[in-house]
Number of protein chains: 2
Amino acid sequence: MLSPEEQLHILESGVDSIVPRAALLDKLKKGEPLNIKLGVDPTAPDIHIGHAVPLRKLRAFQDLGHRVTLIIGDGTALIGDPSGRNSTRPQLSREQIAQNAQTYVDQAFKILDKDKTTLVYNSEWILGLGMEELLKLLSNFTVARILERDDFTKRYKGGLPISLHEFMYPVMQAYDSVVIKADVELGGSDQLFNLLAGRELMEKMGMEPQVCLTLPLLEGTDGVQKMSKSYGNYIGLTDAPSDMFGKVMSIPDSIMIKYYRLASTVPVSEIDALEAGLADGSVHPNKAKRALARNIVEAYYDAEAATAAEADFDLKFKEHGFPEDAPTYEADLTPNDEGKVYFAKLLADAKAAPSTSEARRLIDSGAVKLNGEALPAKSYNLTPEQLKGAKIQVGKKRFLRLV
Amino acid sequence: MLSPEEQLHILESGVDSIVPRAALLDKLKKGEPLNIKLGVDPTAPDIHIGHAVPLRKLRAFQDLGHRVTLIIGDGTALIGDPSGRNSTRPQLSREQIAQNAQTYVDQAFKILDKDKTTLVYNSEWILGLGMEELLKLLSNFTVARILERDDFTKRYKGGLPISLHEFMYPVMQAYDSVVIKADVELGGSDQLFNLLAGRELMEKMGMEPQVCLTLPLLEGTDGVQKMSKSYGNYIGLTDAPSDMFGKVMSIPDSIMIKYYRLASTVPVSEIDALEAGLADGSVHPNKAKRALARNIVEAYYDAEAATAAEADFDLKFKEHGFPEDAPTYEADLTPNDEGKVYFAKLLADAKAAPSTSEARRLIDSGAVKLNGEALPAKSYNLTPEQLKGAKIQVGKKRFLRLV
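These figures come from a predicted structure and were not determined experimentally.

Draft legend 1. Quick look at the interface of chain B and chain A. Across the contact, 35 residues belong to chain B and 35 residues belong to chain A. Summed over both sides, the interface of chain B with chain A buries roughly 3,200 Å², with 71% coming from carbon and sulfur. In terms of surface lost to chain A, no three residues of chain B exceed Met131, Val143 and Leu164 of chain B, which account for 22% of the buried area on that side. Scanning the region where chain B abuts chain A turns up zero salt bridges. Seen at the junction of chain B and chain A, the total is four residue pairs in polar contact (both at pLDDT 80 or more).

Following this line, the structure appears as structure tokens:
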């Protein structure tokens, strides 16, 4: 077993916050397996590597000898849609919840060590909670404290309704921590409030309080928005290996180390070295990105699939005659009133043409290719959809990939 | 049975508000017995005629043929002290609650018609409420709506804690109305919010909503502060007949009609006539007050006890040589920095002496009596305690009772 300090170094790689950090070190110093909690809502069954970030961190705890309690929030899910005003019926039926939970768990065990995971459903203790016990629980919280939660504050101040049952959510999540006697609870950075509610409740009930560990949201392949199905920038756990590889290769260099820390299985010491190498120029970003893409494919498939995916990726680039290490350019793709982006100016801004007027001339002469196809004359304005992630070639030697 | 309009006239005698009034008339027009709800907390077992005001109104409903459901809030009582911050235990034990409830009911049946009363304990349905049902109930309310309750608003704005379990109180009280299918709920004027919550919940659940009928607080015998044990201005239901009679006789004339409407069994038509008679001077206030005192003693004891109490009252006045119809004077008894009231000036203000200096002279000459005892010279300043309710005689003929 590693020393507490070494464990902490591994565990805090990529995290948003550990509250309080010193308490986690104290817990690690006991030298006993800790009980790490993650609660998940059985609502979105298809998970992507953004959703998988806390699962990767749980796995890091497991690899250090700790135990995980994965709570399927089938009880809390009955609280339903937080923005629903008069939802007299919960959003999901029990059958739907059970099915979603199973789909989630099947995917989660691609990452977690099954032998070190206890799987529980919080309906077990939440649905049986009697009124007297509930009132005692509620008496541990004040209205003002719960209203401090960011989204509640905003809605209250903005005059938007908060249904009273929504106030039960943080209380029930906190109660989960009491029931399973959590040492550490993980969550997204937007979950810090709920995690702290658990810590406070445990303290008030005379228990050793849990440590709250939050993880940042992972940006999608565009490097800007959070990874989400609705933005079309996600990498699904069940994506085909070559899709997965290609998507990882398309992320901007700027978020590569974040992906390493939050979405790969590469040891933290290697990531630290890689980060230093990228900073001092001794490691080429493209080489690091290839290694990342291979690692991620290997994590969800195997080494063979990763090799095949990489070969497939190379083949595609050769066909397009486009260099894989072409510089990326983060273009502002905000359209004008006609829904277009002034592409000629974009080329000048990206230094792919000396000026906007020169860019127009190059376009008219057929010297500008978009994804391997020469643009017709007068194609000065293009849609954001045409430009997003586009591979651009100007003349024979200038290459550019828009992100 | 009286017409709906005649019934409404009787029922609205002395009330603070009926929300909505038209809906009560519509319900009365159905010609069927209505279900009138009163919920009581089994916390204060000794009740006085101030507490009894809603019971008298319930009795008025019963006398018109309607039924009463008296809810002992032994379930809601578990919510405990509203100002308690971290009360992990409810304030009252189950045994205490049961005992208090019995004491309350014994007293309530001095007023209510037992045959037209259904007695229920809300622990029956509140303690068995499951989490799913509770969440559905809560989803009918918004946080902002509950925070509108006066005391909650004040505490929230003042930064004083509101425990989350306190928010359950109006919800549970509203749920009581749903369970018993109330047509009308009665309460003090400070209960209007909770009563309206019941009305709203019934509407949201597709039921015919209850009408809210609120009653004003009854002032105590001082005519200023609300009747309360802690102000020492109360008339207890179990007070001895002669105490009860004397206390009623001590109230200021200004609140006599209010007492008639809220605390007596005198028919509303007679009270209306009496009020007119007092206004045009055809009825002497003292005569009306005697009739009121007799009525109230008779209501809790019998005619014989009332006659004896009146005789006892007369005897005491004869002994003091103080006329029972002495004018009352509402004195400002705010003390100065030394805790005294300038009594000589008070006498002048009350027209019992021509001027303050003349009053001082009268005191010095031993011509001023306080409760039958001549005051010593230089007694220009007295304490509020000495003066409260005092019987004052100046010379042979001037009498004054301070209220």
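Draft legend 2. Spatial organisation of the pattern of salt bridges. The final tally for this structure, using the stated rule, is 40 salt bridges over all chains. A salt bridge links aspartate 183 of chain A to lysine 27 of chain A; the nearest nitrogen and oxygen atoms lie 3.0 Å apart. Of this pair, aspartate 183 of chain A sits in the loop between helix H9 (168-180) and strand E5 (184-188) while lysine 27 of chain A sits in helix H2 (residues 21-29), placing them 156 residues apart in sequence. A relative accessible area of 15% means that aspartate 183 of chain A is categorised as buried. Residues aspartate 253 of chain B and lysine 289 of chain B are paired through a salt bridge, measuring 2.7 Å at the closest nitrogen-oxygen approach. In this pair, aspartate 253 of chain B sits in the loop between helix H11 (241-249) and helix H12 (256-263) while lysine 289 of chain B sits in helix H14 (residues 285-300), placing the two residues 36 residues apart along the sequence. Residue aspartate 253 of chain B is classed as partly exposed on the basis of its relative accessible area, which comes to 34%. Connected via shared salt-bridge partners are Lys27, Lys30, Asp183 and Glu208 of chain A.

Draft legend 3. Inspection of the packing of H12 of chain B against helix H13 (residues 268-280) of chain B at higher detail. Residue and element names in this part refer to chain B. At a minimum axis distance of 10 Å, the contact between H12 and H13 shows a crossing angle of 180°. Between H12 and H13, the crossing angle belongs to the class labelled roughly antiparallel. The segment H12 lies against H13, with Met256, Ile257, Tyr260 and Arg261 engaging Val268, Ile271, Asp272, Leu274, Glu275 and Leu278. Taken together, the residues of the contact of H12 with H13 break down into seven nonpolar, no polar and three charged.

Draft legend 4. Representation of the environment of isoleucine 257 of chain A in the model. Residue and element names in this part refer to chain A. On the secondary structure map, isoleucine 257 appears in helix H12 (residues 256-263). In sequence terms isoleucine 257 and glycine 14 are 243 residues apart; their C-alpha atoms lie 8.9 Å from each other. Residues within four places of isoleucine 257 in sequence aside, it is in contact with Ile271, Glu275 and Leu278.

Draft legend 5. Expanded view of the pairing of strand E5 (residues 184-188) of chain B. Residue and element names in this part refer to chain B. Counting buried positions along E5 gives four out of five residues, so the element sits mostly inside the fold. When E5 meets strand E6 (residues 211-215), the two strands line up parallel, connected through five bridges. Residue pairing for E6: leucine 186 is matched across the bridge by leucine 213. Traced from E5 through helix H10 (residues 192-204) to E6, the parallel crossover comes out right-handed.

Draft legend 6. Seen up close, the packing of aromatic side chains. All names here are of chain A. In this structure the tally under the stated criterion is five aromatic pairs over all chains. For the ring pair phenylalanine 152 and phenylalanine 167, a centre distance of 5.1 Å and an interplane angle of 45° mean the geometry is tilted. Separated by 15 residues along the polypeptide, phenylalanine 152 in helix H8 (residues 150-157) and phenylalanine 167 in the loop between H8 and H9 bring together distant segments of the chain. There is no split in this pair, since phenylalanine 152 and phenylalanine 167 are both buried. When the centroid spacing of 5.4 Å and the interplanar angle of 55° are considered together, the rings of phenylalanine 245 and phenylalanine 313 count as tilted. Residue phenylalanine 245 is found in helix H11 (residues 241-249), and its partner phenylalanine 313 is found in helix H15 (residues 303-320); the two are separated by 68 residues along the sequence. In this structure phenylalanine 245 comes out as buried when scored by relative accessible area, which is 0%. Classification of phenylalanine 313 by relative accessible area gives buried; the value is 10%. Its end group placed over the ring of phenylalanine 109, lysine 114 keeps NZ or CZ at 5.1 Å from the ring centre. Over the aromatic face of phenylalanine 152 sits the side chain of arginine 149, whose NZ or CZ is 4.1 Å from the ring centroid.

Draft legend 7. Layout of the environment of glutamine 7 of chain B. All names here are of chain B. Along the chain, glutamine 7 falls in helix H1 (residues 4-11). Its relative accessible area of 3% is what places glutamine 7 among the buried residues. Remark: the alpha-carbon pair of glutamine 7 and leucine 28, spanning 21 residues in sequence, is separated by 7.8 Å. Apart from residues no more than four positions distant in its own chain, glutamine 7 is found in contact with Met1, Leu2, Leu28, Leu64 and His66.

What counts and what doesn't
Residues numbered from 1 in each chain as written. Chains lettered and ligands numbered in written order. Predicted model: local features only at pLDDT ≥ 70, side-chain atom pairs only at ≥ 80, totals over all residues. Heavy atoms only, no water. Contact = heavy atoms within 4.5 Å. Buried area = accessible area lost by both parts, 1.4 Å probe. Salt bridge = Lys/Arg side-chain N within 4 Å of Asp/Glu carboxyl O. Polar contact = N/O pair within 3.5 Å; in protein donor to acceptor, adjacent residues only side chain to side chain. Helix = DSSP H or I, 4+ residues; strand = E, 2+ residues; numbered from the N terminus. Buried < 20%, exposed > 50% of the residue type's maximum accessible area, 1.4 Å probe, protein only. Axes fitted to C-alpha atoms, helices over the stretch in contact; angles between N-to-C directions. Parallel < 35°, antiparallel > 145°, perpendicular 65-115°, else oblique. Nonpolar A, V, L, I, M, F, W, Y, C, P; charged D, E, K, R; others polar. Pairing = 2+ DSSP bridges. Right-handed = clockwise from strand over helix to strand, strands pointing away. Phe/Tyr/Trp six-rings, centres within 6.5 Å; stacked < 30°, edge-to-face > 60°. Lys NZ or Arg CZ within 6 Å of the ring centre and 35° of its normal.

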